[in-house]
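Geometric and topological summary
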Amino acid sequence: MLWKSLEFTIEKGQKVKVIEIPVLEDDSTYHFMLRVRLQTFLAQIVSDDNPKQVYSFREYLQKVLKWPDYCNVIKSDILKNNA
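Residues numbered from 1 in each chain as written. Predicted model: local features only at pLDDT ≥ 70, side-chain atom pairs only at ≥ 80, totals over all residues. Heavy atoms only, no water.

1. Considering the overall build of the protein
The test is simple: Think of it this way: any DSSP run of H or I at least four residues long counts as a helix, any run of E at least two long counts as a strand, and we number them from the N terminus. Relative accessibility thresholds used throughout: buried, under 20% of the residue-type maximum; exposed, over 50%; partly exposed, between the two (1.4 Å probe, protein chains only).
Scanning the protein from terminus to terminus reveals 3 helices and 3 strands. For the protein, the sequential pattern of α-helices and β-strands runs β-β-α-β-α-α. Along the longest, intermediate and shortest principal axes, the C-alpha atoms of the protein span 40 × 30 × 20 Å. In the protein, which comprises 83 residues, the proportion classed as buried is 25%.

2. Some details on the sheet that holds strand β2 (residues 15–22)
Which entries qualify depends on this criterion: DSSP calls a pair of strands paired once it identifies at least 2 bridges connecting them. Only the stretch in contact is used when fitting a helix axis, every axis being a line fitted to C-alpha atoms; angles between N-to-C directions are given from 0 to 180 degrees. Contact definition: two residues touch when any of their heavy atoms are within 4.5 Å.
Sheet architecture is open: 3 strands sit in the order β1-β2-β3, paired in mixed fashion. A single partner strand is all that each edge strand has here, and the edge strands are β1 (3–9) and β3 (54–56). Strand-to-strand twist across the sheet, computed as the mean angle between neighbouring axes with direction ignored, equals 20°. Along the sheet, helix α2 (residues 57–64) contacts β1, β2 and β3; its crossing angle with β2, the most-contacted strand, is approximately 65°.

This is the structure:
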């Protein structure tokens, strides 16, 4: 499983980093669901009065997804050609 991280600055000038964002192929059945969940998660961070510096998207997914869906999203696939 490949993971991304996202770093941005909120209006108050504070830098926020979101780590452990799973990378899925475009044809994955969970791709759209994760995009929506990520947008919702980022909106929560931006609207928070005192945001932390680092957030884990993987921990957020554990809380909001049903366990079978979480396992299917996080399962590790063998990468082709070491990509």
